Amino acid sequence: MSERRRSAESEVSASAATRRQRGRAFLGGTRAARRALQLARRGLKPDAPRTWAAAEQKPNYDVVILGATSSGLALAHHLAVRYPPTTVAVIDPGHLGSDLGVRPRAFLHRLRTDPVRAALAARSRELYEELMVDEAMPLAPVASGHVVLARDREGLIELRWRAGVARADGSDVRFIDGHELGSMLQMIEASASERPVLAAVHDAEAAAVGLDALPFELALGAAAAGADILEGTPLLEVRLDRGRVSGIVTGRGATSVPLVVDCTANGTVDELVGLAPMVAPRRVQSIVTEPVQPFLRTSIEADGVTIAQSERGEIVAGMVVDPYPARYRNPSLEAGARLAATMVDLLPPVARLRVARQWVSTVETTPDGGPLVGPTDVEGLHLNRAWGTDALDFLPATAEALASYLRSGLAPPLLAAYDPRRFGPTLKPSPMQTEVATR
């Protein structure tokens with residue numbers, strides 16, 4: 001009996017060990033898996049507190065932010081935490097974090113064509129490291145490096161410009177040859193493809209930030225500092241008094257407020273106030289492969305496509321932005337083929353992988369490609385929109401500069417180039433003005 005018992009116990013122990021090994025292999029020991037387990041343990045406790053208390057709309061606020069997007073929540077976080085006792089409300093007809101379908105990570109590097117964006121990316125990295133509110137939802141950047149490749153003459157000119165912008169800002173970037181590129185990225189083909197890599201620039205200080213918990217982290221910090229997060233609250237009216245914002249009306253009632261910041265992308269405020277059209281929606285697409293063992297430690301950018309490997313081992317390729325305006329979210333075969341061709345051309349072994357899923361979203365773009373950040377011709381109405389696919393890269397730095405402007409009234413030089421009034425009057429002309437102009 002004792003031998004049979006020992007034999008049975010050993011079989012059970014071996015089976016349990018096998019299950020544990022399979023479980024560890026499935027979870028992969030990634031930060032995302034550990035974070036999910038921490039959240040699950042906390043949520044299953046019988047006395048687990050709410051993430052943030054359900055708020056009621058107050059009759060008066062200092063600032064109302066339209067849109068519980070990452071941009072709106074970051075601004076609310078800065079205003080509530082750094083400028084107390086400012087009363088802040090974030091209203092959204094849906095739920096928070098609805099803009100994260102664009103991509104799951106932000107790449108913080110200085111290889112930009114715009115010096116302002118390079119400075120914003122550098123400042124954003126510092127601020128992301130300070131956004132740690134909950135141990136279960138870390139946002140600290142992970143050093144990964146970023147490589148930009150040039151495969152034709154136009155790409156080489158842009159590459160030199162990017163490197164010059166980064167060096168002028170004090171970043172330690174350097175050119176690397178094909179041999180070093182191949183040893184750095186292991187499977188990349190620098191010269192065997194039809195379009196060989198002519199040159200590459202490496203930013204070793206670049207980092208990536210996982211954004212799966214970003215809106216909740218920002219909402220948690222803002223709510224803890226006294227901001228009201230009002231989900232499921234549609235905007236019905238923006239009240240004006242002599243051309244100045246005096247209040248708003250939502251599905252919960254009326255509120256007096258002198259400052260309103262639009263961080264949405266649905267055009268509701270444009271229709272209510274009569275803002276002139278300044279943006280066009282464009283479709284963005286990415287593809288994701290099945291997971292494999294980690295081999296790509298650095299994010300790669302070539303021909304307008306960024307390729308990186310997620311914590312789960314998936315190869316993510318994006319973002320292809322359509323050259324024409326479109327609001328629909330049907331996947332484009334042309335964009336998907338371009339993403340797959342670029343990925344396979346640079347990383348031939350990836351051709352054996354299956355495409356697991358794809359993302360299709362829409363982003364706002366302006367005629368010059370820059371965002372809309374700052375005041376409008378309606379006194380008290382400000383915009384923080386049209387960042388395209390780069391909103392998450394510059395999120396904390398933009399929120400910091402805009403929050404300072406709202407409380408001090410001094411326009412930050414860093415955002416002067418993105419003033420919405422650079423395209424002309426932000427209000428539509430009245431019918432009488434239109435009639436006179438046509439005559």
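Just so it is clear, the structure is predicted and the values come from calculations on it, not from any experiment. (Residues numbered from 1 in each chain as written. Predicted model: local features only at pLDDT ≥ 70, side-chain atom pairs only at ≥ 80, totals over all residues. Heavy atoms only, no water.)

K.L.:
When you look at the overall build of the protein chain in this model, what are you seeing that I'm missing?
P.N.:
Assigned secondary structure in the protein chain consists of 11 helices and 20 strands. Across the 439 residues of the protein chain, 49% fall into the buried class. Taking contacts inside the protein chain between residues at least 6 apart in sequence as the whole, the part at least 24 apart equals 78%. For the protein chain, the exposed surface amounts to about 21700 Å²; the carbon and sulfur share of it is 54%. (Helix = DSSP H or I, 4+ residues; strand = E, 2+ residues; numbered from the N terminus. Buried < 20%, exposed > 50% of the residue type's maximum accessible area, 1.4 Å probe, protein only. Contact = heavy atoms within 4.5 Å. Areas by Shrake-Rupley, 256 points an atom, 1.4 Å probe, with all protein chains shown as cover.)

K.L.:
Even after reading the chapter, I still don't get the sheet that holds strand β10 (residues 235-241), so can you show me in this structure?
P.N.:
Backbone hydrogen bonds hold the strands of a sheet together, and the pairing may be parallel or antiparallel. What the 3 strands build is an open sheet, ordered β10-β11-β12; its pairing is antiparallel. Single-partner strands in this sheet number two, and they are β10 and β12 (253-256). Sheet twist, expressed as the average angle between the axes of neighbouring strands with direction ignored, equals 25 degrees. By the bridge criterion, 6 bridges tie β10 to strand β11 (residues 244-250) in an arrangement that is antiparallel. (Pairing = 2+ DSSP bridges. Axes fitted to C-alpha atoms, helices over the stretch in contact; angles between N-to-C directions.)

K.L.:
Even after reading the chapter, I still don't get the environment of R112, so can you show me in this structure?
P.N.:
The residue R112 is located in the loop between β3 (105-108) and α4 (115-130) in this model. For R112, a relative accessible area of 9% translates into the label buried. Between the C-alpha atoms of R112 and W161, which are 49 residues apart in sequence, the distance is 8.4 Å. The residues contacting R112, other than those within four sequence positions of it, are F107, R117, A118, A121, R162, V165, D390, D393 and F394.

K.L.:
Sorry, what's going on with the packing of aromatic side chains here?
P.N.:
Aromatic rings considered in pairs are described by the distance between their centres and by the relative angle of their planes. The full count for this structure, using the stated rule, is 2 aromatic pairs. Ring geometry for W387 against F394: centres 5.6 Å apart, planes inclined by 50 degrees, an arrangement best described as tilted. F394 shares its class with W387; the two are buried. Within the aromatic cluster, the residues linked to one another by ring pairs are W387, F394 and Y418. (Phe/Tyr/Trp six-rings, centres within 6.5 Å; stacked < 30°, edge-to-face > 60°.)

K.L.:
Help me understand α4, please; the structure alone is not making it clear to me.
P.N.:
Turn by turn, an α-helix covers 3.6 residues, leaving residues three or four places apart pointing in a common direction. Taking 1.5 Å of rise per residue, 16 residues should cover 22 Å, and α4 covers 24 Å from first to last C-alpha, within 8% of that figure. Among the residues of α4, V116, R117, A118, L120, A121, A122, S124, L127 and Y128 are the ones counted as buried. Structurally, α4 contributes buried residues whose contacts are with α3 (70-82), β3, α5 (153-168), β8 (207-210), α7 (214-224) and α10 (395-408). Backbone nitrogen of V116 and a side-chain oxygen of the N-cap are separated by 3.0 Å at the start of α4; the cap is D114. (Expected span 1.5 Å × (residues − 1). Polar contact = N/O pair within 3.5 Å; in protein donor to acceptor, adjacent residues only side chain to side chain.)

K.L.:
Would you mind showing me how to read the pattern of salt bridges here?
P.N.:
Note on pairing: side chains with opposite charge can pair once their charged atoms come close. What the rule picks out here adds up to 17 salt bridges. Notably, a salt bridge pairs R312 with E314, separated by 3.6 Å at the nearest N-O pair. What makes E314 buried here is its relative accessible area of 8%. A salt bridge links D368 to R422; the nearest nitrogen and oxygen atoms lie 2.8 Å apart. Taken as a pair, D368 in the loop between β18 (355-365) and β19 (372-375) and R422 in the loop between α10 and α11 (431-438) lie far apart in primary sequence, 54 residues in all. You can call D368 partly exposed: its relative accessible area is 47%. Salt bridges sharing common partners tie together R82, R123, E126 and E400. (Salt bridge = Lys/Arg side-chain N within 4 Å of Asp/Glu carboxyl O.)

K.L.:
Just to check I follow, could you spell out the confidence of the model for the protein chain for this structure?
P.N.:
Here the protein chain averages 79 in pLDDT, while 77% of its residues score no lower than 70. Contacts for the low-pLDDT stretch residues 133-137, under 50 throughout, to residues beyond four places or in other chains number 17 contacts. Low pLDDT, under 50, characterises residues 432-439; the stretch is placed with 1 contact to residues that sit more than four places away or in other chains. (pLDDT = per-residue confidence, 0-100.)

K.L.:
Explanation requested: the nonpolar core in the structure shown.
P.N.:
It is characteristic of soluble globular proteins that their nonpolar side chains tend to be buried jointly. Counting 43 residues, the largest nonpolar core has I65, L73, L75, L79 and L406 as the members making the most contacts within it. Listed by contribution, the elements that provide at least two residues to this core are β1 (63-66), α3, β2 (88-92), β3, α4, α7, β13 (259-262) and α10. Among the elements that line this core, the one with the most residues is α10, at 8 residues. Not counting residues up to four positions away in its chain, the partners in contact with L79 are V63, I65, P84, T86, V88, A403, L406 and R407. Counting residues in hydrophobic clusters, the runner-up holds 22 residues, among them L230, V257, L275 and L383. (Core = buried A, V, L, I, M, F, W, Y, C linked by side-chain atoms within 4.5 Å.)

K.L.:
I'm lost on the sheet that holds β13 in this one. Help?
P.N.:
Within the open sheet, the 6 strands sit side by side as β9-β2-β1-β13-β20-β19. Their pairing is mixed. Each of the sheet's edge strands pairs with one partner strand only, and the pair in question is β9 (228-231) and β19. Adjacent strand axes in the sheet meet at a mean angle of 20 degrees when their direction is disregarded. Bridge count for β1 against β13 is 4 bridges, and the pairing is parallel. From the neighbouring strand, V64 faces β13, where its bridge partner is V260. The sheet contacts of α3 involve β1, β2, β9, β13 and β20 (381-385), and relative to β2 the element is tilted by about 165 degrees.

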